[in-house]
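Working through the structure, step by step
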Amino acid sequence: AAAEKGGYEHFMLKEIFEQPEALKSAIAGRIKNGKPIISEIKELEEFIKKDLKKIFIVACGTSYHAGLAFKYFMNRYSKIDVDIEVASEFRYMNPHVNENTLVIAISQSGETIDTLEGIRIAKEKGSKVVTISNVFGSTIPRESHGAIYMNTGPEIGVAATKTYTAQIAILYALGAKIIEITEGLTEEIEKILSDIEKMPEIYEEVLKNAEKVKELSREYVNYQHMMYIGRGFGYPTALEGALKLKEISYIHAAGYQAGELKHGPIALLDEQFPVFAIIPKDSLYEKMKSNLMESRARNANIIAITTEGNDEIKELTNEYLFVPEAEEALYPLVIAPIIQLFSYYVAVLRKLDPDKPRNLAKSVTVE
Ligand code: G6P
């Protein structure tokens, strides 16, 4: 078993550290010199060009958070309407999908029952379905019109890590391809794609912070709650950070759009309820800064992730981590390893096994 873990103490840690390689395989042959190549949707290109009016993303758990990052991406860079719903809601509502809708299902395992039933409903309503999955030949991609496999290698840890970042990278490439077909690529989008090509090296840098993350995580082992806040592209990261923490450390955590603090969540904050702020130097930085100061005024302990060189953070909190500067849309990718490491170390310090969290399964094939 030790050999399988490649010298790491747990599969989760191994998979976090595999992200440079995993991301490289995920985008191999899919992004080249800033251009998207998604041969898996070749047969859908006519449909996308002529009939596509709306994209609907269906997914669960971590895959849903990758879908949310994609929604922000499409909202910023295209005119196409994008809707998103967790699969267990999608399948029991009256989803507004039809023959002009492209449903994108995201499922690491390819077997999640709610997502599977969701795409069956979408197909009955005449939609085209493309699935992003990590398990070759699994049910959801088999039942879809197009299947994009992540190629990250198997993920053993129950909490998704490397497949989350692979999903985001592939979704951005897929989104760029759809934009290329419908509206035409822009230099901005090409820049993002070429930066994704550099992400494996960026990850090597980000992962060098592991020891620092471990040190900081010690301060948070004994809390019962944690609030993750972010805005824009930082919001999916806040949700994913909170999910990772509750999954493996059993600390109650929630992710909020920072602007919603004043509508309720801020009432929770005090010295017993710390805040994890996703605050990169992006277009919403000043807004996030106010939210951070509001939280500090309630005596909440604050850990912040921000962009390298933003020394102002030192005036806002003592506990912070830097990530390399990136395009706004890429912060969900750049920050992911940090929130994963944080929850990993908190779980391990709490003497829990992050690979096998209680009550959770890697693949949820029953309702
Ligand atoms: C389970 C796993 C999660 C995962 C979710 C969706 O709850 O524990 O890590 O995000 O299912 O799984 P899928 O395979 O559909 O991405």
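Residues numbered from 1 in each chain as written. Predicted model: local features only at pLDDT ≥ 70, side-chain atom pairs only at ≥ 80, totals over all residues.

Description of the overall build of the protein chain
The following threshold applies: A run of H or I in DSSP becomes a helix once it reaches four residues, and a run of E becomes a strand once it reaches two; helices and strands are each numbered from the N terminus. Values of the radius of gyration come from C-alpha atoms, whereas the globule rule sets the reference at 2.2 Å times the count of residues to the power 0.38. Whether a residue is buried, exposed or partly exposed is read from the other C-beta atoms within 10 Å of its own C-beta, which are placed from the backbone; 20 or more gives buried, 12 or fewer gives exposed, and intermediate counts give partly exposed. Here, residue contact means that the backbone-derived C-beta atoms of the two residues sit within 7 Å.
For the protein chain, the count of helices and strands is 14 helices and twelve strands. What you see for the protein chain is a C-alpha radius of gyration of 20 Å, in line with the 21 Å of a compact globule of 367 residues. When burial is assessed residue by residue, the protein chain has 53% of its 367 residues classed as buried. Looking at the protein chain alone, contacts between residues at least 24 apart form 76% of all its contacts between residues at least 6 apart.

Here we look at helix 2 (residues 19–27)
Stated formally: Working definition: the arc comes from the directions between the helix axis and the C-beta atoms, pointing outward to the latter.
Of all the residues in helix 2, the buried ones are Gln19, Ala22, Leu23, Ala26 and Ile27. The arc that holds the buried residues of helix 2, viewed along the axis, is 120°, so those residues lie on one side. Trailing helix 2 by a residue or two, Gly29 shows a phi angle of about 75°, which is positive.

With respect to the packing of helix 2 against helix 9 (residues 187–207)
Applicable threshold: Interaxial angles span 0 to 180 degrees and are taken between N-to-C directions of axes, which are lines fitted to C-alpha atoms, for helices over the stretch in contact. Orientation labels follow simple angle bins: below 35 degrees gives roughly parallel, above 145 gives roughly antiparallel, 65 to 115 gives roughly perpendicular, and whatever is left gives oblique. Put simply, Ala, Val, Leu, Ile, Met, Phe, Trp, Tyr, Cys and Pro go in the nonpolar bin, Asp, Glu, Lys and Arg in the charged bin, and everything else, Gly too, in the polar bin.
Packing of helix 2 against helix 9 leaves a shortest axis separation of 8 Å and a crossing angle of 170°. The orientation of helix 2 with respect to helix 9, classified from their angle, is roughly antiparallel. When helix 2 is examined against helix 9, the residues Gln19, Pro20, Leu23, Lys24 and Ile27 are found in contact with a partner set consisting of Ile196, Glu197, Met199, Pro200, Tyr203 and Glu204. A breakdown of the residues in the contact of helix 2 with helix 9 according to their chemical character gives seven nonpolar, one polar and three charged.

As for the environment of Ser107
Its location among the elements puts Ser107 in strand 5 (residues 101–107). For Ser107, a count of 31 C-beta atoms within 10 Å translates into the label buried. The sequence separation of Ser107 and Ser63 amounts to 44 residues, and the corresponding C-alpha distance is 6.1 Å. Apart from the residues within four sequence positions on either side, Ser107 is in contact with Ala59, Ser63, Thr112, Thr115, Thr131, Ser133 and Ile140.

Topic: the sheet that holds strand 3 (residues 54–59)
As a general point, the strands of a sheet are linked pairwise by backbone hydrogen bonds and lie either parallel or antiparallel. Which entries qualify depends on this criterion: Pairs of strands are assigned from DSSP output, requiring at least two bridges between the strands.
The strand order across the open sheet formed by five strands is 4-3-5-6-7, and the pairing between neighbours is parallel. Since the sheet does not close on itself, it has two edges, and those belong to strand 4 (81–86) and strand 7 (146–149), each with one partner. Each strand of the sheet is rotated relative to its neighbour by a mean of 20°, with strand direction disregarded. Taken together, the six bridges between strand 3 and strand 4 define a ladder with parallel strand orientation.

Side note on the sheet that holds strand 11 (residues 302–307)
A sheet is described by the order of its strands in space; here five strands give the open sequence 9-8-10-11-12, paired in parallel fashion. The open sheet has two free edges, formed respectively by strand 9 (252–257) and strand 12 (319–323), since each of these has just one partner strand. Ignoring strand direction, the axes of neighbouring strands in this sheet form an average angle of 15°. The pairing of strand 11 with strand 12 spans five bridges and is parallel. Residue pairing for strand 12: Thr306 is matched across the bridge by Phe322. In the packing of helix 14 (residues 331–349) onto the sheet, the strands contacted are strand 10 (275–278), strand 11 and strand 12, and the crossing angle to strand 12 comes to about 135°.

Considering the site of the ligand
The condition that has to hold: Only the C-beta atom matters for nearness: placed from the backbone, it must lie within 6 Å of the molecule or strand for the residue to count as near.
Every one of the 16 residues lining the ligand counts as a neighbour, but Gly61, Ser107, Gln108, Ser109 and Thr112 are closest to it. Considering each element in turn, the shell around the ligand owes the most residues, three residues, to helix 4 (residues 61–77). Here the shell around the ligand is built from residues that sort into six nonpolar, nine polar and one charged.

Side note on the pairing of strand 10
In plain terms, the rule: Handedness of a crossover is defined as follows: orient the strands so they point away from the viewer, and if the path from the first strand over the helix to the second runs clockwise, the crossover is right-handed.
Side-chain alternation along strand 10 places Val275 and Ala277 on one buried face and Phe276 and Ile278 on a second face that is also buried. Relative to strand 10, strand 8 (residues 225–230) runs parallel, the two being bridged by three bridges. Bridge assignment links Ile229 to a residue of strand 10, and that residue is Ala277. The sheet contact formed by strand 10 and strand 11 spans four bridges and is parallel. Opposite Ile278, over in strand 11, you have Ile305 as the bridge partner. Note that the unit made of strand 10, helix 12 (residues 285–297) and strand 11 has a crossover that is right-handed.

What to know about the confidence of the model for the protein chain
We apply this condition: The quantity called pLDDT is the predictor's confidence in a given residue, expressed from 0 to 100.
Model confidence for the protein chain is summarised by a mean pLDDT of 97, while 99% of its residues fall at 70 or above. Here the predicted complex carries an ipTM of 0.97, next to a pTM of 0.98.

As for helix 9
Rules: A helix is expected to span 1.5 Å for every residue after the first. Note on bend: the value at a residue is the angle between axes fitted to the seven residues ending there and to the seven starting there.
Helix length check: helix 9 (21 residues) gives 29 Å between terminal C-alpha atoms against 30 Å at 1.5 Å per residue, within 8%. Along its length, helix 9 shows its largest kink, about 50°, at Met199, and proline Pro200 lies within four residues downstream of that point. When helix 9 is considered as a whole, its buried residues turn out to be Ile189, Ile192, Leu193, Ile196, Met199, Ile202, Tyr203 and Val206.

Here we look at the packing of helix 4 against helix 11 (residues 234–249)
Put simply, the test is: Crossing handedness follows the turn of the near helix against the far one: under a right angle anticlockwise gives a left-handed crossing, and clockwise gives a right-handed one.
In contact at an axis separation of 9 Å, helix 4 and helix 11 are set at 170° when each is read in the N-to-C sense. Classified by the angle between their axes, helix 4 and helix 11 sit roughly antiparallel to one another. Two packed elements cross with a definite hand, and for helix 4 against helix 11 that hand is left-handed. Packed against helix 4, whose contacting residues are Gly61, Thr62, His65, Leu68 and Ala69, the element helix 11 presents Pro236, Leu239, Glu240 and Leu243 at the interface.

Some remarks on the pairing of strand 5
For strand 5, a buried count of seven out of seven residues is recorded, marking the element as mostly surrounded by other parts of the structure. Residues of strand 5 alternate between two faces, with Thr101, Val103, Ala105 and Ser107 on one and Leu102, Ile104 and Ile106 on the opposite face, all of them buried. In this structure, strand 3 lies alongside strand 5, joined through six bridges in parallel fashion. Directly across from Phe56, in strand 5, lies its bridge partner Val103. Note that strand 5 and strand 6 (residues 128–133) share six bridges and pair parallel. Each bridged residue has a counterpart across the sheet, and for Ile106 the counterpart in strand 6 is Ile132. Viewed along the sheet, the connection from strand 5 through helix 6 (residues 113–124) into strand 6 turns out right-handed.

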